[in-house]
Each structure stands twice: as C-alpha cells, then as structure tokens.
Amino acid sequence: MKMPTLDVKTLWMIRKEIREVTRSRWLILGFIISPMFAWMFQGAFLSFIVYQTSEEPEMVYITLEDDGYWGRHLYESIAGNQSNLLINPLVNITLEEAQQKIADKTISVWVYIPAGFSQELNTTTESTMQIVVNTASFRATAAASRIDAHSREIINEVEIIREVTIYWYTIAPEANYGHQLAIFLVMLTSVLAPAPYISKSFAGEREAKTLEALLVVPMSRIKILGAKLVSGIALTAIYSVFTAVGILTYNLSIIMRVAGLAPELQQANIDLYTVNANTIPLIMFCQFLVLLCAIGIGVVISCLAKDRATAESVNSMIMLIPTFVIGILGFTGSILQYGGILGWIILAIPFSHAILFLNAVLAGTGTLIGLSINVGYMMGFTIVFLFIGAKLFEREAIIS
Amino acid sequence: MITDDVVIKTEGLTKTFEKGKKREVIALNRVDLEITRGEVFGLLGTNGAGKTTLIRVLVGLLTPTEGKAYVLGKDVTEDIDYIRQRVGLLPQEAGIYDRLTARENLIYYGGLYGIPEEELNSRADNLLEIVGLKEKEDYQVKGFSGGMKRKVLVARALVIEPEILFLDEPTTAIDTLGARVVRNMLKEISSQQKRTVILTTHDLTEVKELCDRVGILNEGKLVAIGKPSELEEKFRAANLEEVFTGLVTGEGVYGDASL
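So, a few notes on the structure that sits alongside this text. Predicted model, so just to flag it, every value in this text is computed and none were measured.

Okay, the overall build of chain A next. A count of helical and extended segments in chain A gives 17 helices and four strands. When the 400 residues of chain A are sorted by exposure, 48% land in the buried category. A sequence separation of at least 24 residues applies to 80% of the contacts in chain A between residues at least 6 apart. Carbon and sulfur atoms form 65% of the exposed surface of chain A, whose accessible area is close to 18,900 Å².

For helix α4 (residues 117-130) of chain B, built from 14 residues, the straight-helix expectation of 20 Å at 1.5 Å per residue is met to within 8% by its first-to-last C-alpha distance of 20 Å. Those residues of α4(B) that fall on the buried side of the exposure criterion are L120(B), R123(B), A124(B), L127(B) and L128(B). On an axial view of α4(B), the arc spanned by its buried residues comes to 130°, and they lie on one face. Every exposed residue of α4(B) that faces more than 90 degrees away from the buried side is listed here: E118(B) and E129(B). On its buried side, α4(B) packs onto α1 (8-22) of chain A together with α3 (102-111), α5 (146-158) and α6 (176-191) of chain B.

Ranked by internal contacts, the top residues of the largest apolar core, which has 120 residues, are F393(A), I8(B), V71(B), L112(B), I164(B), F166(B) and L186(B). Broken down by element, the residue count for this core peaks at seven residues, all from helix α11 (residues 221-258) of chain A. Leaving out residues up to four positions away in the same chain, F166(B) has contacts with I8(B), I55(B), L58(B), V59(B), V87(B), G88(B), L89(B), L90(B) and I198(B). Residues L185(A), I283(A), V290(A) and M319(A) belong to the second largest nonpolar core, which totals 42 residues.

The phi angle of most residues is negative, glycine excepted, and most peptide bonds adopt the trans form. A cis amide bond, omega -5°, links N88(A) with the succeeding residue P89(A). Tracing the chain through its elements places P89(A) in strand β2 (residues 87-92). One non-glycine residue, L72(B), lies in positive phi territory at about 50°. You can see L72(B) is positioned in the loop between β4 (66-71) and β5 (74-75). According to the relative accessible area criterion, L72(B) is buried, its value standing at 14%. Of note, E169(B) is a non-glycine position whose phi angle comes to about 55°, a positive value. Residue classification places E169(B) among the buried positions, given a relative accessible area of 10%.

Moving on, we get to the packing of aromatic side chains. All names here are of chain B. What the rule picks out here adds up to nine aromatic pairs over all chains. If you follow K136 out to its NZ or CZ, it ends over the ring of Y139, 5.3 Å from the centre. Its guanidinium or amino end placed over the ring of Y109, R156 lies 4.5 Å from that ring's centre, counting from NZ or CZ.

Before going further, it helps to spend a moment on the pairing of strand β10 (residues 221-226) of chain B. With five bridges connecting them, strand β9 (residues 213-218) of chain B and β10(B) associate as antiparallel partners. Within β10(B), the position partnered with G215(B) by the bridge is I225(B).

The subject of this paragraph is the packing of helix α3 (residues 69-80) of chain A against helix α5 (residues 117-124) of chain A. Residues and elements named next belong to chain A. It is at 6 Å that the axes of α3 and α5 come closest, and there the two elements cross at 120°. Contacts between α3 and α5 involve Y69, W70, G71 and L74 from the former and F117, S118, L121 and N122 from the latter. Grouping the constituent residues of the contact of α3 with α5 by class yields five nonpolar, three polar and no charged.

When their charged atoms lie close together, side chains carrying opposite charge are able to pair. Scanning all chains against the criterion turns up 31 salt bridges over all chains. The shortest N-O distance in the salt bridge between E117(B) and R15(A) comes to 3.5 Å. Here the residue E117(B) occupies a position in helix α4, and R15(A) occupies one in helix α1, the pair thus bridging two chains. Judged by its relative accessible area of 39%, R15(A) is partly exposed. Sharing partners across several salt bridges, the network here consists of R180(B), R183(B), K187(B), E206(B) and E209(B).

This part covers the sheet that holds strand β8 (residues 196-200) of chain B. All names here are of chain B. Here we have six strands laid out as an open sheet, ordered β6-β7-β8-β3-β9-β10, and mixed in their pairing. The sheet is open, and its two edges are formed by β6 (87-90) and β10, each paired on a single side. The mean angle between the axes of side-by-side strands here comes to 15°, regardless of whether they run parallel or antiparallel. Direction of pairing for strand β7 (residues 164-168) relative to β8: parallel, over a ladder of five bridges. Its bridge partner being in β8, L165 is matched across the sheet by V197.

Residue and element names in this part refer to chain B. Overall, antiparallel pairing links the four strands, which are arranged β2-β1-β4-β5 in an open sheet. If you trace the sheet from one side to the other, it starts and ends with β2 (25-36) and β5, each paired once. Relative to β5, β4 is paired through two bridges, and the arrangement is antiparallel. Note that in β5 the partner of V71 across the bridge is K74.

Calculation criteria
- Residues numbered from 1 in each chain as written.
- Chains lettered and ligands numbered in written order.
- Predicted model: local features only at pLDDT ≥ 70, side-chain atom pairs only at ≥ 80, totals over all residues.
- Heavy atoms only, no water.
- Helix = DSSP H or I, 4+ residues; strand = E, 2+ residues; numbered from the N terminus.
- Buried < 20%, exposed > 50% of the residue type's maximum accessible area, 1.4 Å probe, protein only.
- Contact = heavy atoms within 4.5 Å.
- Areas by Shrake-Rupley, 256 points an atom, 1.4 Å probe, with all protein chains shown as cover.
- Expected span 1.5 Å × (residues − 1).
- Arc of directions from axis to C-beta.
- Core = buried A, V, L, I, M, F, W, Y, C linked by side-chain atoms within 4.5 Å.
- Phe/Tyr/Trp six-rings, centres within 6.5 Å; stacked < 30°, edge-to-face > 60°.
- Lys NZ or Arg CZ within 6 Å of the ring centre and 35° of its normal.
- Pairing = 2+ DSSP bridges.
- Axes fitted to C-alpha atoms, helices over the stretch in contact; angles between N-to-C directions.
- Nonpolar A, V, L, I, M, F, W, Y, C, P; charged D, E, K, R; others polar.
- Salt bridge = Lys/Arg side-chain N within 4 Å of Asp/Glu carboxyl O.

So, in structure tokens, the structure goes:
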C-alpha cells in the first residue's frame, strides 16, 4: 500500500471532519463528562471510604472465653483503646449468641478469644484468636484491621520471644489503590469511549447517504480514511486532557478530604489513594494507545456495518472481551500470573498490554524492553487493524 | 476511436455482481455507448435496469467485469483520479452533511477538489442565488426540507464546475418550481458552458425538455439510443413514453429495436 501524503485536500477534509465533530455537542460533552465523571465519582466515593475507615466508629462484638493472662490482657487492651480503635460500642456476647448473630447475618465485627488462648501461647508460643468480619462493609473491615494490628502489637510488645512473622505476598506490584484505580478507569473508559465516533464515521456516512459522493472526490480512499482517523484522534485528545483534569481533581478531593485527619493518617491515605501526578503523562500516552487501538478495531467494524445501530451493537459486543479482561484483571494487575493457553489468550488481547504497561509504569518496575514490547504490540495491532480497515474501505461493497 | 468530442465511450461494458454465485446479477450487459461534449444525455430505465450501476462504473465506484469504459479519453480502471477531478456526481440517494450550513456544504465539497477558497466563495454565492437559498446559506442544513436539501446537492455538484456532470434523478423530491430552476440550470451549463450532463430520470417530460439524446436500459442492456424524436419515429410511437413502455414490456413496439 502506498503511503499517503498530507496535501491540501486532505487537510481540507480534516478541517471539515473536526468542525463537524466539534459541532456534535453531545459527543464532545460525552468526551468531557465521561472521564471527569469517572474520576470525580471515585473521588467522592473514596472520600466516603476515608471517612468510614478513619473517623466513623464501628460496633464490635467480643467474646472472651480465655481465663488466662493473655486473653484478659488483650481484652482489656481493646476495651481501653476503644476511641483509638474507633470502636463504639464494644459489646460482650457469648459464643452461642455470636453464632446465632452470624447465622442471622446481624453482626459486622466479632472478636473471639477462645478458651485456652493463653495456655497455648505459653506452651507453644503460638495461639489463635478469630475475627469475623462482614467484608462488604468498609467500616467493619477497617475496624477489624485495626483490632488485628492492635492485637499483634500487644502480644508482640509484651513477649518479644513470641514475635509474629508475617509474610506479605504482593500479587499486584502497584499496591497503591489510586494506581489500581487509574488502570481500571483509564482502560475501561478508553475502550468504550470511541464507540460514538466509530458509529458516526463510515457507518454513519453510509446511513446518511453521504459516502457515495465522498468516494468520488479526487482523493485516495486511504486519505479519506486518514482524515476520518485524525478527527477521531482529535476527539481522543479531548478525552485524554479531561482524564488528566479528572485525575488531578480526584487527587485534590482526596487531599481535601484527609485534611482534618491526624498527620500520619493524612499521609497514609494520600499514599494509598492518590495517583502520582508525575505519571499522568504516561497514563495519557497509554490511554492514547488504547484509544487508537479501539478506533482501529472500530474502523473495521464501521466499514463492515450497514448502519450506525449495527456498528454500535457489534462494537459493544466485541469490546465486551477487553472490558471483561480489564474488569477481572485490571484491578488486580495480575495478568502475568496466568499461564498456559489462558495466559497466551490474555496476552493476545492488545488491551492487556496497556494494563501491563500501566502496572509497570505506576509501580516503577518497568524495563525499557518490557515497555517497548507492550507499546510495540499495541501499535502493531492497531496498524494491522487500520490496514484491514483500509482494505475494507477499498471494496465496492462499501457503497452498497 | 476516441476523439476530443467523445467524452464518454463504453465498449461491451459488463458489470456482474456476485459472479459465479447463486445470486449472480448482470447489472450491465455489453453496453456500447458514446456521448459527446456538451450533450445532455438521458438514461431511462425501470428501477434496477442498470442506470445507477452505469454511472457508478463511469465515476470509478464500481469496476467493470468485462469491457472497457473511457471518460474524457481515460480508462476508468487506470486514470480514475484524472477523471474524478473533472466530473461531478449527484447520487440518487445523496445525503448531505446536516451539521454544516448550506454554504459550508458547497465550500467543503469544492475544497476536496483543490479549488481555492476565494474562488469557491464566489461560486457558492452564485449557485446559492440561482437555487434560491441565498438567504438560508448560513443555516445548518438539518432544518431544511427534502427539496431544499436536493437543491443544495445540485449546487454542490455544480460548484466544482465539472466537465461532465452525472445526475441520478436530480429533480426527485423538489417541488415544481424548484425542478424548473434545476432544469434551467442544466440547460444553461450545457448550452452556454458546453458541459456534458448525463442524467437519469423517470420524468419523460423532463427528458424531452432537456435531453439531446436518450438511452433506454432494460435489464442491463442498452435497448435503444437516439434523439427523442428519432426514437419516436423509429418505433412508430406517438411519444417517448410509448417507446419506453414498449421497449421495456415488449408490447406495442413496431419498429426496429436493434441498435
């Protein structure tokens, strides 16, 4: 295929395409609102979580069956630190009552210090207590985590010999919640964002009966295709810019929300939830690649579809696959843990490489070779699809 | 032999869709045709007779299955960019860019032919005046009636001042007065500007008023060609309608149908 050059006619067409696109107020608004809303919603949601987990006390049930020193000591320590542990009230309960409440699902956090807890600890240096928690509740989970940490601290502080060793297995290198969120939101919205443009371009031209006259102008079809793509890229640029604005707004909302907390809690929440602003250019770059890839796939769909409705339906159907991948794997960032055929299938999906790229960049673990492979794969995939799109666009059937 | 005067020539032009398949359709069957410069040539035929296919082949949207087609002396399969720079097309079911204004539609289309913007503005002024849309030139076309849109489309086809203008049912959906305006425009560009016009229509009055010659297509074959009066005489018919219906239905034609 001969490479097209940028001439006056192509520029003219690009100008018109952009002008027409910018007059689609709802399309533009969608490209602005979509990333902004996604991030602002997350900002509000996480502010709520920060409040729930840092300020709001939780009712905790406790059952002490151990009559030895360590059980009593632990119980008294929890009861004496209720305000620090954000427990209100601490309710004593029998084992039978607790089991009934668990069966009835009317309990959020239950701490169980069983009989023999102290004796076991004294003889084997190991013992077990239980915390039952309703993990659907952020507040309950946070309260349980605080009790867990406090219990380990008390036991370990008093008896050094009984030091507990805890191994952390990190599946996702970007343990920061904000980074996981960035990957999830950037990927999900970018895969779905080009849909209106895709249905509007060739399928839209065909439906509006404007394609035939367009195809007889003295311009090669590859240039016509290119001009359409440029307007798509212009739209994606709007999207990327507002993603950056959205991320900054999100960061700001978190920072403002934690402002009233103790300094160590402030920093912990900021570290956990915000997105490192230095990585925004790379996020935007990755998003651009994802959008381009989605447009490449969309162009093929648009060239094959008879009308806008068909293009939109087929696009949604095909994009379900990467959306599932992103939904399932994006949040854990654990694509590479899968081996065998499933692993290869996942790696064959170009959007998986965007997740890998973002994981590596945000966690600071990327290597030049690894990142280049991710970018190269996505670019290659996009070029192949655009080539297929160009071939389809050359067909006679495009006008029928 | 193609002379300077012959602007369109086809030799055994055949177009088959789905060739070799069960649904094979021969849309054009060995069509031989010559159209000279400045002529207004009418293509007649029932729906599906091959009129639109013939136009699409001549503007390079479809590739001939067999035979040859020359436009302005160039083979449509080899020099299509040369041809497209010099021909205008108003498709049968032409749409328009709704979000652009009437003027912008003309300017945009002309710009794709590399015509300078200043020149385009002047041509657009003139054409919008002629089709009676000067006052609405800065309105987005989405609010226009079907007839008004068709007028913009006719003006759009003319804005590039093509040597050959292909019009597929140009006056469809335009009111009587609008149709007259279009017809007068076509007469003018043919007689004064010596441009060639190839139009398809179902309106036989329009054919008689505008066309120097007509070609009647039936099931992909060119079954008759000549001046309207010649055809009436040749087929011993009272009018062109009788010639047309006779050739298409095979009834009431008494003359020699061989070309």
